[in-house]
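# Overview (structure and organization)
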Amino acid sequence: MRTPRYALVAVAALLSVAAPAGAQDAAHDEEHFDAVHHTVDGPYLDFTPFGKVELPRLFVVRGDDGLRFDAFASTSAAVASGRYHAVAHEAGEEASHAPDAAGARDAHAPEAAGAEHSADGHAPAEQSVGDADHAPAEEHAGADAHATDPLSSTLEPADGDVLIDLSITRHVVFLFGSMALLLLLLVPMGSRYRRGVGRTSAPRGLLQNMLETIVLYIRDEVAKPNLGPDYRRYLPYLLTAFFFILTANLLGLVPFGATATSNIAVTAVLAVFTFVITQLAGTRDYWMHIFSPPGVPAFVKPILIPIEILGLFTKPFALAIRLFANMTAGHLVILNFIGLIFIIRGLFGDAAGWGTAVPAVAMSVFIYALELLVAFIQAYVFTVLSALFIGMASASHEHDHNHSHEHDPTPHDRAVSESAPLLSRGEARPDRERTVGTEAAISPF
Amino acid sequence: MGPESLGYLGAGLGAGLVALGAGLGIGRLAASALEGAARQPEASGDLRTTMIIAAALIEGVALFGLVICILLALA
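The residue numbering used here restarts from 1 in each chain and proceeds along that chain's sequence as written. Each chain gets a letter, beginning with A, and each ligand a number, beginning with 1, in the order they are written. In keeping with the model being predicted, local features are shown solely for residues with a pLDDT of at least 70 and side-chain atom pairs are shown and tallied solely at 80 or more, while totals for entire chains, interfaces and linings include all residues.

## Considering the overall build of chain A
- Only DSSP runs of H or I with at least four residues qualify as helices, and only runs of E with at least two residues qualify as strands; both kinds are numbered from the N terminus onward. If you tally the helices and strands in chain A, you get 14 helices and 7 strands.
- Burial is judged by counting the other C-beta atoms within 10 Å of a residue's own C-beta: 20 or more makes it buried, 12 or fewer makes it exposed, and any count in between marks it as partly exposed, with every C-beta position built from the backbone. Here chain A holds 445 residues, and 31% of them are scored as buried.
- Whether two residues are in contact depends on their C-beta atoms, placed from the backbone: they are in contact if these lie within 7 Å. A fraction of 69% describes how many contacts in chain A between residues 6 or more apart in sequence connect residues 24 or more apart.

## Considerations on the packing of helix H6 (residues 170–195) of chain A against helix H7 (residues 206–227) of chain A
Residue and element names in this part refer to chain A.
- Note on definitions: angles span 0 to 180 degrees between N-to-C directions of axes, and those axes are lines fitted to C-alpha atoms, for helices only across the stretch in contact. Running from amino to carboxyl end, H6 crosses H7 at an angle of 90 degrees, the nearest separation of the two axes being 11 Å. Compared by their axis directions, H6 and H7 come out roughly perpendicular. Side by side, H6 and H7 meet where Leu 185, Met 189 and Arg 192 of the first sit next to Leu 207, Gln 208 and Leu 211 of the second.
- Residue polarity is assigned by list, with Asp, Glu, Lys and Arg as charged and Ala, Val, Leu, Ile, Met, Phe, Trp, Tyr, Cys and Pro as nonpolar; anything else, Gly included, falls into the polar class. Classifying every residue of the contact of H6 with H7 by side-chain character gives 4 nonpolar, 1 polar and 1 charged. Orientation is classified from the angle alone, with under 35 degrees giving roughly parallel, over 145 giving roughly antiparallel, 65 to 115 giving roughly perpendicular, and any other angle giving oblique.

## Notes on unusual backbone geometry
- Even without being glycine, Phe 256 of chain A reaches a positive phi, approximately 65 degrees.
- Counting through the fold element by element, Phe 256 of chain A comes out in the loop between helix H8 (231–251) and helix H9 (264–280).

## Focus: H9 of chain A
Residues and elements named next belong to chain A.
- Here a helix's expected span is defined as the number of its residues, less one, multiplied by 1.5 Å. When the terminal C-alpha atoms of H9 are compared, their 24 Å separation across 17 residues agrees well with the 24 Å that a helix rising 1.5 Å per residue should span.
- For H9, every residue scored as buried is listed here: Val 266, Thr 267, Leu 270, Ala 271, Thr 274, Phe 275, Ile 277 and Thr 278.
- Tucked into the core, H9 has its buried residues touching H6, H8, helix H11 (301–348) and helix H12 (350–394).

## Some points on the environment of Thr 261 of chain A
Residue and element names in this part refer to chain A.
- Within the element layout of this structure, Thr 261 appears in the loop between H8 and H9.
- Using a count of 30 C-beta atoms within 10 Å as the deciding quantity, one classes Thr 261 as buried.
- Aside from chain neighbours lying at most four places away, what touches Thr 261 is Ile 245, Ala 248, Asn 249, Val 266, Thr 267, Leu 323 and Met 327.

## Topic: the nonpolar core
- Only buried residues count toward a nonpolar core: Ala, Val, Leu, Ile, Met, Phe, Trp, Tyr and Cys, linked into one set through C-beta atoms within 7 Å. Ranked by size, the top nonpolar core spans 61 residues in total, and within it Ala 223, Leu 238, Phe 242, Ile 245 and Phe 382 of chain A carry the most contacts.
- Counting only elements with at least two residues in this core, the list comes to H6, H7, H8, H9, H11 and H12 of chain A together with helix H2 (44–74) of chain B.
- Per element, the largest residue contribution to this core is 15 residues, and it comes from H11 of chain A.
- Sequence-distant contacts of Phe 382 of chain A, that is, excluding residues within four places in its chain, are made with Ala 241, Ile 245, Leu 319 and Leu 323 of chain A.
- With 6 residues, the next largest nonpolar core counts Ala 78, Val 79, Tyr 84 and Ala 86 of chain A among its residues.

## Considerations on the sheet that holds strand S7 (residues 161–165) of chain A
All names here are of chain A.
- Read across the open sheet, the 3 strands follow the order S4-S3-S7; overall the sheet is antiparallel. The open sheet has two free edges, formed respectively by strand S4 (66–72) and S7, since each of these has just one partner strand. Here the strands of the sheet are splayed against their neighbours by 35 degrees on average, with no regard to which way each runs.
- One ladder, built from 7 bridges, connects strand S3 (residues 57–63) with S4; its direction is antiparallel. If you follow Gly 63 over to S4, its bridge partner there is Gly 66. The pairing criterion for strands is at least two bridges between them, as found by DSSP.

Next comes the structure, spelled out in structure tokens:
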């Protein structure tokens, strides 16, 4: 009876992709599909057919009388207090939000807000940031509501400027969610190993075995080849980075989830961590290589040193951008495929819309599967590159240019290192001694 | 053609070129990885790992360009 089960999974997948998008149509005007708006961060949790959950707004404001800290339970509360008003994104035109609209939970519905705003007699229609699909709106009310919707515009205080915006946004919620999930799952595993369940006896249970596979893979394939004998110092960071990025990526794939790593700030901070650890691990050799590269004539050095220093910064920058762009692009592509249905419907009528529904949703499911793969790969690549950079910085024996038997680990070496027995705590395997394998047999020592 | 529409045109052309470049680069990478794995099946594990890392790096460069295109289209 396998076939019905797979069919059920496929239908559930299609529905989970198409349902939120379908409900969007009910809430918006026809031309109003905002793919970028749904990918970027926002001060609310988006359970679209069922409503939105507004998140607390916290501001550090520099007012007329010094710094103060404002906290509101939601955006509506902030606007209703009268001390903050919503400012549309594009033009700096201030539009004070009508107080009766503050009570509306689902502030996105232009039908509700449109009536109120046309009564206010507002400024001409403005396009909000990501609204590339927005056809020139015949209804000013619809565009107006979108432009002054407090959930998609910035809040400005009536007096003073916002110094630091500490508002809890979707990505912050999912950051803490990933952290909570990881602590919940991994800390009990850690205490299990400390009790000896995975060390003196076999690991028990599904989660422990899965985690052990992944952790051992990272240790043996990522940390040891790149970090050398000193790998235990940096292995905790690599494992943390891997599991955190993986969890954040995967949480973005569940229905109603948001990807914390699709925020450039999050990936930038992760890259900064790698950067700081890399510099702290730098040996004297490493710094000498940057500030006085060996083997180049003296007149080339003034050109090479800035390039080396620049290279120091481009590597973490690339780490951040790679993760950010991969995570954002996947969601954007899916939303664009679903949005294609509505665009075709707007251009060619309802029948054509239904006709594009099946191929579009099928493509979305395929891209979803690809995104799942990319989630794992990007976490892995971030970890590998971090290990590589830390290894390059902390390498102590690599740059002795007269070494005769300096070579990259061949598959033979790797097979040797993998067949060596488990090390007890605190023992580092010496790099050059081979006690097993053919090299030991033929070498005379 | 005003500046905005030229911006959109640039973004569209750029995104296409980015996809082209990434496809070519990763295609060559995958071809040589497959060839190496065909010649020496026992090295296929190492080859796969290296291929994935290199593919992620190439894709990183492609996505830099894509981010510029998105910035062009939105601003």
